[in-house]
Amino acid sequence: MNSKRPSPRRKLPSAEQQKAILAALSIGATYEEACRNAGFGFSTWSYLSGRVREGKGTEAENKFVQACQQAVAKASVGLVAQLRSLAVKDAKAALYLLRRRADARLRAESLK
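So, here's what we can say about the structure. (Residues numbered from 1 in each chain as written. Predicted model: local features only at pLDDT ≥ 70, side-chain atom pairs only at ≥ 80, totals over all residues. Heavy atoms only, no water.)

1. Overview of the overall build of the protein
Item 1. Regarding its fold elements, the protein presents five helices and zero strands.
Item 2. Listing each helix as α and each strand as β along the protein from the N terminus yields α-α-α-α-α.
Item 3. Considering only contacts in the protein between residues 6 or more positions apart, those separated by 24 or more positions represent 43%.
Item 4. Of the roughly 8,700 Å² of accessible surface on the protein, 55% is carried by carbon and sulfur atoms. (Helix = DSSP H or I, 4+ residues; strand = E, 2+ residues; numbered from the N terminus. Contact = heavy atoms within 4.5 Å. Areas by Shrake-Rupley, 256 points an atom, 1.4 Å probe, with all protein chains shown as cover.)

2. Examining the packing of aromatic side chains
Item 1. Evaluated as defined, the whole model comprises two aromatic pairs.
Item 2. Centroid distance Trp45 to Phe64: 6.0 Å. Interplanar angle 85°. Geometry classified as edge-to-face. Highlighted residues: Trp45 in helix H3 (residues 42–53) and Phe64 in helix H4 (residues 59–87), separated in sequence by 19 residues. Take Trp45 and Phe64: they sit in the same class, and that class is buried.
Item 3. Put simply, the rings of Tyr31, Trp45 and Phe64 touch in pairs and so form one group of aromatic residues. (Phe/Tyr/Trp six-rings, centres within 6.5 Å; stacked < 30°, edge-to-face > 60°. Buried < 20%, exposed > 50% of the residue type's maximum accessible area, 1.4 Å probe, protein only.)

3. Let's talk about the nonpolar core
As a rule of thumb, nonpolar side chains are buried together in soluble globular proteins.
Item 1. Residues Ile21, Leu25, Phe40, Trp45 and Cys68 are the most contacted members of the largest nonpolar core, which totals 14 residues.
Item 2. When residues of this core are traced back to their parent elements, those giving at least two are helix H1 (15–26), helix H2 (31–38), H3 and H4.
Item 3. With four residues, H4 is the largest single contributor of residues to this core.
Item 4. Ignoring anything within four residues of it in the chain, the contact list for Cys68 reads Ile21, Leu22, Leu25, Tyr31 and Trp45. (Core = buried A, V, L, I, M, F, W, Y, C linked by side-chain atoms within 4.5 Å.)

4. Digging into H4
Item 1. Relative to the 42 Å expected for 29 residues at 1.5 Å per residue, H4 spans 42 Å between its end C-alpha atoms, a close match to the ideal helical length.
Item 2. Among the residues of H4, Glu61, Phe64, Val65, Cys68, Ala71, Ala75 and Leu83 are the ones counted as buried. (Expected span 1.5 Å × (residues − 1).)

5. Looking at the side chain of Gln17
Item 1. Inspection of the secondary structure assignment puts Gln17 in helix H1.
Item 2. When near neighbours in sequence (up to four residues on either side) are disregarded, Gln17 contacts Ala38, Gly39 and Phe40.

6. Quick look at the side chain of Glu61
Item 1. Along the chain, Glu61 falls in helix H4.
Item 2. Given the relative accessible area of 6%, Glu61 is considered buried.
Item 3. In this view, Glu61 contacts Leu12, Leu48, Arg51, Val52 and Lys56; residues no more than four positions away in its chain are not counted.

The analysis is restricted to geometry; functional conclusions fall outside its scope.
This is how it looks when you write it as structure tokens:
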């Protein structure tokens, strides 16, 4: 006898959850923080984004994941702008910016 329970169908977050996730991402939250804040399972997010990455996502999944990626990019640009303004008077902020750029460059090179 097979005692495995069928896994629940993984689906997109509700419209309200999507709005909350996008809002959190756009102010700099991580994907995990944004999902938890919205009451959406991070493992389900990982599953959905993995499907999209593999080219197996539905149109709705693709659209949502793309919106999340855009929100993260928007937040990153905003955070860099804040750090840049702080770096004028704060050496630690300037060093952080330099380190961040070096880390990004190394990641990009490792993907080649």
